[in-house]
Amino acid sequence: MSLQEVLETRQRHLSDSEFRSLTVEGLRKEILTVIESEGDEDSPIALSHEWEKVCSLYMQCWCHNNVPYNLFSNPSTGGIGLIRRHSLSVCRELDEFEQLVHGMPVVNGGFSSLTSVWVDNMIDSEILHGILKCTRSISRHLGKAALAVFYEGLRWPSSVTFQHILCCFLRILDTGYDFSVLKRSNSHVGLDSVRGKEHAYHNNQRKFALGILLSLQDLRDKAGGWDRVLDVIEKYLSSLIPQRFSLDNESATKGTLYNVNTVLLVQSTAQVAEIQFEAARDLLLLLGHLVKIKGQVSIEPANILRIQLQLIPRFQDIAVKYFLLHWMCTISAEAPPVEDFSSQLSLLHVGDGRKQNRAWEGRLGTGDLTLAGILLFGYPTTSVDHALLCLGTLQSPYTLLSNVRKFVSWIFWGENVGQLPKLSSRAIALSSILLQHGQYGVLEKFFITVDEHSKQSRLLSSMESVDGEWHALLHLLGFCLLARARLGLEEKLKDKHIGEAIRCFFRAASGEKAGHALQELSFQMGLQHSGPSSAAAWKLHYFEWVMQIFDQHNLSAGARQFALAALEQVDEACGMIDCLPDDSSVEHASNVKGRLWANVFKFSMDLDQYREAYCAIISNPDEESKFICLRRFIIVICERKATQILCDRELPFVGLLEKVERELVWKAECSDITAKPNPYKLLYAFYMYRQNWRRAADYIYRYTARLKEEGVLKVHLQLSFTLQERLQGLTAAINALHLVDPAYAWIDFRQESSVRLDWHSPSKRARTFMEGNSVVPIQKESAKQYQPIDIEQLENEYVLTSAHLQLAVANVKHSSLGGDILPSDLVVLLVQSNLYEMAFTVIFKFWRDSSLKRELEKVVQIMAQKCCTSKSSSSLMKESPENVLLIPSSAREDQTDVDILCGTNFQTVQHTNSKTAWHVLQLYLEKYKGLHSRLPVVAAETLLCTDPQIELPLWLVDMFKGARKATAWGMAGQVSDPAALFRLYIEYGRFSDATHLLLEYLEAWASLRPADIIKRKKMSAVWFPYTSVERLYGLLSEMRNSGQMIDQCDKLQKLLHCAMLRHLKQMKVDSDDVKSSSL
């Protein structure tokens, strides 16, 4: 409540439910937020002032909320307490040692004399009082703040060691504080103020030094020498060790309720532990100071050695133990992690103990329950003590003090009979209880403190060589660090904890007695080893166990290190196994190595360390395991799109190339064709990097073949995408074969007629399928048909695929598009889709000689037919002043220019398409008429066949005339000559056009220049289609006789008759001239 008021005063408003739901860590964050928001984070002095304000405000609120109201007592037990406003205080009886430390007089009754407990006579009692007087003088001189630093230094041993703190305090006792630091850090205070404080402190330091010196000399004189003083100090040290209470394990009762008596027991234990710690600390400082001023007090070297080697280590050990006891009684228990298995197991309703635990399990992490409260759950008590603790009434002061002594005795001694256990031994036993409740964070600090203290003890007594408790301690510390690392720490702290945990586990495995010490933890930590008892076998088992722990927590980096460490022990451990009789239950070295290398491979893959994973594969002596790892290697790099490592030739795959190929091929055939990265492309790149061009071409062509086979069946695949992929694959195959010697530039394509699996589950396809009651392989040798394919065939397929792709891009709908279409049908489809270039490419690729000319004629026919558009388009073209093409005879004569300009959108499109069609026809006739001279005839014949009255475009007529005017040679020429056009006009009833064409050439022949007349008179110099002319004349006569167009026929007949008479007369004259000239 007081803390809640402090937060509200600092504008941190929390409701009662929110405040009660905060854990200890949550409260710590709230307090830090309040202080950092008010003070300057970069100024330590400003932060210290904020801390001072917050603490002062908290004390004010606490005093206001805990005003004493009345005393109460329990007549039956003698318990006395104080009722406050929001709390309750209970009085307890002081222990004899507490009375002695506080300097209280001798108590008559109830307890014996205070001093007679430790000393035998009055002189020793006076010496003890003198010693305690010196310790109190040291405490007053250092002050409470300095001694608090001493306590905090023990809490954070990783920042500053206990020995360093002790040396600093002894230096302060000897020379005083260094005020130069104070001057630098308090420059804003003022130099005069600092000098005044320095002068006053120097006076106090001189008084202290002189007073302590005189007190020590008086002790020496009173005792008659330092030997007796040290004996009294040693007796005093013995009194600090709690008395051991024996308890029968069979009659002991464990587990208590969470009630007021257990809370009082923990708080009383904390007070007793604090007094004992301060006493040990003060004696430690006194002994250290005595060594410092040994010359001034005339202490012998033998006594100096006794102090340094016997008393100081023992006092230090006692101080650390009482510090840890006080720390466990005051530090709040952590809330167990949600995913922690032990905490989830404890929540199960198993047995009757659940009802007893339910009262305090919910208090974990709330600040009400401390570590000592958890230890009470494993504290063995007699049935009488257990009943008293479980009572709902207050205990008597004597009973409370007796329970405190027994609890402290159990913490120090445990359940062992004999000498006092070492700190590390009891730390291991107590931590086993705390680990069951997920107290990893606090145990981490606990183990670090014990480990730092154990280091000093080992330096003095070689503890590491005596027993293996140090190894067990490091093992537990590593386990706590590992548990902390997986509980959502920041990335930087997580990596630090993982590194520390790895070092602890490796240190724990070192030493001769590590195996025996760690096996004693097997019932708690899951360690079990029933194999050979050699050190190497134990390390192998231990490293595998730690590897599994790291693997369970998804910490692959640490797991990989321990897998490699286990591999180093295999030869030695399994060498001894081989010497034993045959035992099928014992693994041999190759199997163990195979399993461990497989784990190294797995962890390397988890860390994306593919080269290390490859090294693990080739180092694996187990062929089956190696093959499984290789398969997994290929699968994972494909899933992670890290296939570049397969193709960059950094991994040689010595001896594994065939297996890699086999796995990639199997993956390619059993994967969806649209898988990314595509296994076929991976195989292509794999062999291209290894300069095996033929294999690369083979696999990329398989890809195109599967696309062709499956692309049509897969509805979700876009046809254009499939065709584009096929085109790229064919290009790659052609390029690869061009790198091969032409004699070997072909591939063996295997056509599979086997049954394929369901396309809806292609990512993981079985190697076999069921047919009836038998298992039939997917790829049967009898179903394979090998067909050699060379570059020319690939180029042909490339051309066809390109044509299909252009049709798909043009959104042409055809049932066989993307599949098998005859080249002739494909050409027709291309021309109809206005894809002329692709159509002619297909023609020139697949036909030669006369067949090529026939295909060209078909294409020209289709192109000419497309030029004959609808009537609306024809009428539009007739009236347009820009149109110089043809005018169909069926055009409406009465259509005006307004109608054309106001034509519909459809007419505009038809007009554009028509102009484009005529332009395309002209373009390709001019381009290919040299290859096939009959193409203009085919075009004109198609146009006239479609519309006999159509007016041929001028450029097409010019192609028949040879792009020149009529000459003296008449109408002779190539296949597409004027005579051919003349015959076409006659054939399709264009008599007027035929007559005018003939007259044009006859007039040109008759009106030659004088210089050309001599050429005309040569033998066979002129040719006209006289037979066709005669036919034309006859057709005109028939039309006139039938009564059709009589006037026009008469007119054309007269023109034709007159022209032919003149022509024949001129021919007669030319013939006579030739005869006379020959004579």
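Everything below is about the structure printed above this text.
Below you will find a few notes about this structure. (Residues numbered from 1 in each chain as written. Predicted model: local features only at pLDDT ≥ 70, side-chain atom pairs only at ≥ 80, totals over all residues. Heavy atoms only, no water.)

### Here's the deal with the packing of helix H7 (residues 162–175) against helix H11 (residues 260–292)
Turning to step 1, where the next piece is worked out: Where H7 contacts H11, the axes come no closer than 10 Å and their chain directions differ by 60°. By the angle between their directions, the pair H7 and H11 is classed as oblique. Where H7 crosses over H11, the two elements pack in a sense that is right-handed. Here Phe162, Leu166, Phe169, Leu170, Leu173 and Asp174 of H7 come into contact with H11, specifically with Leu284, Leu285, Gly288, His289 and Lys292.
Turning to step 2, where the next piece is worked out: Residues of the contact of H7 with H11, tallied by class, amount to seven nonpolar, two polar and two charged. (Axes fitted to C-alpha atoms, helices over the stretch in contact; angles between N-to-C directions. Helix = DSSP H or I, 4+ residues; strand = E, 2+ residues; numbered from the N terminus. Parallel < 35°, antiparallel > 145°, perpendicular 65-115°, else oblique. Left-handed = near helix turned anticlockwise from the far one by under 90°. Contact = heavy atoms within 4.5 Å. Nonpolar A, V, L, I, M, F, W, Y, C, P; charged D, E, K, R; others polar.)

### As for the packing of helix H35 (residues 791–809) against helix H36 (residues 823–832)
Each pair of packed helices can be described by the angle between their axes along with the distance between the axes.
Turning to step 1, where the next piece is worked out: Two elements in contact, H35 and H36, have axes whose closest approach is 11 Å; the angle formed by their N-to-C orientations is 35°. As for how H35 packs across H36, the hand of that crossing is left-handed. Every residue of H36 that contacts H35 at Leu800, Ala803, His804 and Leu807 is listed here: Leu826, Leu829 and Leu830.
Turning to step 2, where the next piece is worked out: Its residues assigned to classes, the contact of H35 with H36 comprises six nonpolar, one polar and no charged.

### Considering the environment of arginine 702
Turning to step 1, where the next piece is worked out: Mapped onto the secondary structure, arginine 702 falls in helix H33 (residues 693–710).
Turning to step 2, where the next piece is worked out: Taking the C-alpha atoms as reference points, arginine 702 and alanine 668, 34 residues apart in sequence, are found 9.6 Å from one another.

### A closer look at the pattern of salt bridges
Turning to step 1, where the next piece is worked out: Following the criterion strictly, the structure yields 37 salt bridges and no others.
Turning to step 2, where the next piece is worked out: Taking the shortest distance from any N to any O, the salt bridge between aspartate 551 and lysine 602 comes out at 3.1 Å. Of this pair, aspartate 551 sits in helix H25 (residues 535–552) while lysine 602 sits in helix H27 (residues 589–606), and the two are 51 residues apart along the sequence.
Turning to step 3, where the next piece is worked out: The partly exposed category is assigned to lysine 602, whose relative accessible area is 32%.
Turning to step 4, where the next piece is worked out: Of the charged contacts in the structure, one is a salt bridge between glutamate 661 and arginine 695, with a shortest N-O distance of 2.4 Å. (Salt bridge = Lys/Arg side-chain N within 4 Å of Asp/Glu carboxyl O. Buried < 20%, exposed > 50% of the residue type's maximum accessible area, 1.4 Å probe, protein only.)

### Section: the pairing of strand E2 (residues 79–84)
Turning to step 1, where the next piece is worked out: Note: strand E1 (residues 68–74) against E2, six bridges, orientation antiparallel. Along E2, the bridge assignment pairs asparagine 70 with isoleucine 83.
Turning to step 2, where the next piece is worked out: The hairpin formed by E1 and E2 contains four residues between the paired strands, and glycine 78 there has a positive phi angle of roughly 85°.
Turning to step 3, where the next piece is worked out: In this structure, E2 lies alongside strand E3 (residues 88–91), joined through four bridges in antiparallel fashion. Bridge pairing in E3 places leucine 82 opposite serine 89.
Turning to step 4, where the next piece is worked out: Where E2 folds back on E3, the antiparallel hairpin that results is connected by three residues. (Pairing = 2+ DSSP bridges.)

### Some points on the nonpolar core
Turning to step 1, where the next piece is worked out: Core analysis: the biggest nonpolar cluster contains 201 residues, and Leu216, Leu285, Phe315, Phe550, Phe633 and Phe653 have the highest contact counts within it.
Turning to step 2, where the next piece is worked out: At 16 residues, the largest contribution of residues to this core is made by H11.
Turning to step 3, where the next piece is worked out: Ignoring anything within four residues of it in the chain, the contact list for phenylalanine 550 reads Leu482, Ile498, Ala501, Ile502, Phe505, Leu555, Gly558, Ala559 and Phe562.
Turning to step 4, where the next piece is worked out: Membership of the second largest hydrophobic core comes to 78 residues, among which are Val799, Ala917, Leu921 and Leu1032. (Core = buried A, V, L, I, M, F, W, Y, C linked by side-chain atoms within 4.5 Å.)

### Examining the sheet that holds E2
Neighbouring strands of a sheet are bound in pairs by backbone hydrogen bonds; such pairs are parallel or else antiparallel.
Turning to step 1, where the next piece is worked out: Read across the open sheet, the three strands follow the order E1-E2-E3; overall the sheet is antiparallel. Pairing within the sheet leaves two strands with one partner each, and these edge strands are E1 and E3. If you compare each strand with its neighbour and ignore which way they point, the axes differ by 25° on average.

### A word on a nonpolar patch on the surface
Turning to step 1, where the next piece is worked out: Where nonpolar side chains cluster on the molecular surface, the patch consists of Val67, Tyr69, Ile83 and Leu88 and spans about 370 Å² of accessible area.
Turning to step 2, where the next piece is worked out: Tracing the backbone through its elements, the reader meets valine 67 in the loop between helix H4 (44–65) and E1. (Patch = residues over 30% accessible without salt bridge, like charges linked within 9 Å, V, L, I, M, F, W, Y side chains within 5 Å. Areas by Shrake-Rupley, 256 points an atom, 1.4 Å probe, with all protein chains shown as cover.)

### Concerning the environment of glutamate 5
Turning to step 1, where the next piece is worked out: Considering the arrangement of structural elements, one finds glutamate 5 in helix H1 (residues 2–9).
Turning to step 2, where the next piece is worked out: Taking the C-alpha atoms as reference points, glutamate 5 and tyrosine 58, 53 residues apart in sequence, are found 8.2 Å from one another.
Turning to step 3, where the next piece is worked out: Setting aside its immediate chain neighbours within four residues, glutamate 5 contacts Cys61 and Asn65.
Turning to step 4, where the next piece is worked out: Within the structure, the side chain of glutamate 5 is placed 3.4 Å from the side chain of asparagine 65, a separation counted as a polar contact. (Polar contact = N/O pair within 3.5 Å; in protein donor to acceptor, adjacent residues only side chain to side chain.)

### Comments concerning the packing of aromatic side chains
Given two aromatic rings, one states the distance between the centres and the angle between the planes to describe the pair.
Turning to step 1, where the next piece is worked out: Under the definition given, this model contains 33 aromatic pairs.
Turning to step 2, where the next piece is worked out: Note on phenylalanine 543 and phenylalanine 562: the rings are 6.0 Å apart at their centroids and 40° apart in plane angle, and the pair reads as tilted. One end of the pair, phenylalanine 543, is in helix H25; the other, phenylalanine 562, is in helix H26 (residues 556–578), with 19 residues separating them in the sequence.
Turning to step 3, where the next piece is worked out: Judged by relative accessible area, which is 6%, phenylalanine 543 ranks as buried.
Turning to step 4, where the next piece is worked out: Of the residues examined, phenylalanine 562 reaches a relative accessible area of 0% and is grouped as buried.
Turning to step 5, where the next piece is worked out: A centroid spacing of 5.2 Å and a plane angle of 90° characterise the contact between phenylalanine 686 and tyrosine 687, whose relative ring orientation is edge-to-face. Side by side, phenylalanine 686 and tyrosine 687 carry an identical accessibility label, which is buried.
Turning to step 6, where the next piece is worked out: Counting every residue linked through ring pairs, the aromatic cluster contains Phe505, Phe506, Trp538, Tyr542, Phe543, Trp545, Phe550 and Phe562.
Turning to step 7, where the next piece is worked out: Cation over ring: arginine 426 sits above tryptophan 410, and NZ or CZ is 5.6 Å from the ring centre.
Turning to step 8, where the next piece is worked out: Of note, arginine 694 hangs over the ring of tryptophan 746, and the distance from its end group to the ring centre comes to 4.2 Å. (Phe/Tyr/Trp six-rings, centres within 6.5 Å; stacked < 30°, edge-to-face > 60°. Lys NZ or Arg CZ within 6 Å of the ring centre and 35° of its normal.)

### Some remarks on helix H45 (residues 991–1006)
Turning to step 1, where the next piece is worked out: Compared with the 22 Å implied by 1.5 Å per residue over 16 residues, the 22 Å span of H45 between its first and last C-alpha is a close match.
Turning to step 2, where the next piece is worked out: Every buried residue of H45 is accounted for by Phe991, Ala994, Thr995, Leu997, Leu998, Leu999, Tyr1001, Leu1002, Ala1004 and Trp1005. (Expected span 1.5 Å × (residues − 1).)

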